[in-house]
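# A closer look at the structure
Chain by chain, the residues:
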Amino acid sequence: MHLQVGDAAGWASSWRAALFQLLDDIPPAHRPFISSISIDGTSATTLIVDSETGELLAGPFLYNESFPDALPAVESIAPANHTVCSASSTLCKLVSWWNTTGAAGGAGSAAVLMHQSDWLLWLLHGRYGVSDYNNALKVGYDPEADAYPSWLMSQPYAPMLPSVRAPGAPIAVVKDDVCSQYGLSKECVVCTGTTDSIAAFLAAGTTEPGRAVTSLGSTMAIKLVSEARVDDARFGVYSHRLDDTWLVGGASNTGGAVLRQLFTDGELVALSRRIDPAVASPLEYYPLPRKGERFPVSDPDMAPRLQPRPESDAEYLHGILESIARIEAKGYNLLRELGATAVEEVFTAGGGAQNDRWTAIRERVLGVPVRKAEQTEAAYGAALLALKGADRRVGVPS
Ligand code: ADP
């Protein structure tokens, strides 16, 4: 279930309303047959809740809200370049709140930290303190050791951290009042969730090492299933755990936003038809919507390169699509150089996935099969996690 952020003052209540509206939208005849539910949420969107009353004590702090005040304290306890060492990390949100309110006892000892999906799932199952290792990465959980590191456990706010399970693990059955209000089965089990972007990856249904998903939206993000874990803060590359493998990701600033600055979607379709994808374009661009690149080259001052512009718009578009494909190939090569499994097959999500000529260009440049992913909605990935949980529901507390 993918929920959009609503009005500033009432995010949490609008998420709650959306969740129950969605349950209400399910035709009553189907509801008794739902065997499990899971929900993905935006990574690093954080709430602090009173575990005695269920009341919201602070937040939601949104994924992109920055807490630079907490950064020195976090940097002093975490290893250098750790994922938590970013002012918008979940840990910076927690530490900032702790330093202003929590340490002074403003919340008593009942305060617990929840991610967006933990909180929504909690509305359905009612147990405190359960999360998944994808969401917990940005608060400092070590998915390799399957534990919080000792530098985190020794902090005074450590008791607020949730216990962590694999995504798609059964937590408990749906609360009685929710079951009876919505006509759900008393056997319906609520399972741990994941982050939005991992759910969108899972939707493509590809979890074998060497399989990847390139998301060609406004920007270009790549995600590769790898046997080895790879992290490199210089390029914003980090790994999420995916059962016994790793999901390695990197995101470039190139992508559809540049195309949109130059062409309408209709022009893209018409001009693409005039491109022969079997022929390599000699034009060498670096399409960026503005200055700055993160991956596969880390250079905040890199300028967009979109010249020389040929007379033919189709040739121009060909050069741009080919150049973005070269950046994509460079991205997968960089992940390989950093130690990840080599890419063998790429599925595509986002607006660019519609363009068959571009897919053919990418296939030639990447040298591996490229296909459009059949499913790309994060909600579909969350449903796959629920399915996994339904298969493992033995001994679920009720
Ligand atoms: P986001 O969710 O990141 O905003 P989308 O996945 O909705 O992006 O994709 C939108 C992007 O897809 C736009 O930037 C647009 O330029 C690009 N796009 C749309 N149609 C085509 C096409 N036929 N070929 C290539 N790119 C396209």
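Since we're looking at a predicted model, the values are computed, not measured. Every chain is numbered on its own, with residues counted from 1 as its sequence reads. Only residues with pLDDT of at least 70 are given local features in this predicted model, and only at 80 or more are side-chain atom pairs given and counted; all residues enter the totals for whole chains, interfaces and linings. Each side-chain value is derived from all of the structure's non-hydrogen atoms; neither hydrogens nor water enter the calculation.

According to the domain assignment, the protein consists of domain 1 (8-197 + 380-391) and domain 2 (207-374). An automatic or database domain assignment provides the domain bounds reported here. Here the C-alpha centre of domain 2 lies 32 Å away from the C-alpha centre of domain 1. Taken together, the contact pairs 11 residues of domain 1 with 10 residues of domain 2. Accessible-area loss on putting two parts together, using a 1.4 Å probe and summing over both, is the definition of buried area adopted here. Surface buried jointly by domain 1 and domain 2 totals about 1000 Å² across both partners, of which 48% is contributed by carbon and sulfur atoms. The largest contributions to the domain 1 side of the interface with domain 2 come from Tyr133, Leu137 and Pro143, which together make up 39% of the buried area. Any pair of residues with heavy atoms lying within 4.5 Å of one another is described as a contacting pair.

We now examine the sheet that holds strand β8 (residues 170-173). For two strands to count as paired, DSSP must find a minimum of two bridges between them. Where helices and strands are cited, they refer to DSSP runs of H or I of at least four residues and of E of at least two residues respectively, numbered from the N terminus. Taking strand neighbours across the sheet as the criterion, the three strands line up as β1-β9-β8 in an open arrangement whose pairing is mixed. Two strands bound the open sheet, and with one partner strand each, they are β1 (36-37) and β8. The sheet contact formed by β8 and strand β9 (residues 189-191) spans three bridges and is antiparallel. Considered in β9, the bridge of proline 170 is made with cysteine 191.

Between Lys or Arg on one side and Asp or Glu on the other, a salt bridge is scored when a side-chain nitrogen of the former is within 4 Å of a carboxyl oxygen of the latter. Throughout the structure, instances matching the rule amount to 15 salt bridges. Across the salt bridge formed by glutamate 345 and arginine 211, the nearest N and O atoms sit 3.2 Å from each other. Taken together, the positions of glutamate 345 in strand β15 (residues 345-349) and arginine 211 in strand β11 (residues 211-216) put the pair 134 residues apart, joining distant regions of the chain. Remark: exposure states derive from per-residue accessible area (1.4 Å probe, protein chains only) relative to the maximum for the residue type, with buried under 20%, exposed over 50%, and partly exposed in between. For glutamate 345, a relative accessible area of 11% gives the class buried. Residue class for arginine 211 comes out partly exposed when judged on its relative accessible area of 27%. Arginine 229 is the partner of aspartate 231 in a salt bridge, and the nearest nitrogen-oxygen pair spans 3.1 Å. By relative accessible area, aspartate 231 is classed as partly exposed at 41%. The network of salt bridges with shared partners includes Asp142, Glu144, Arg229 and Asp231.

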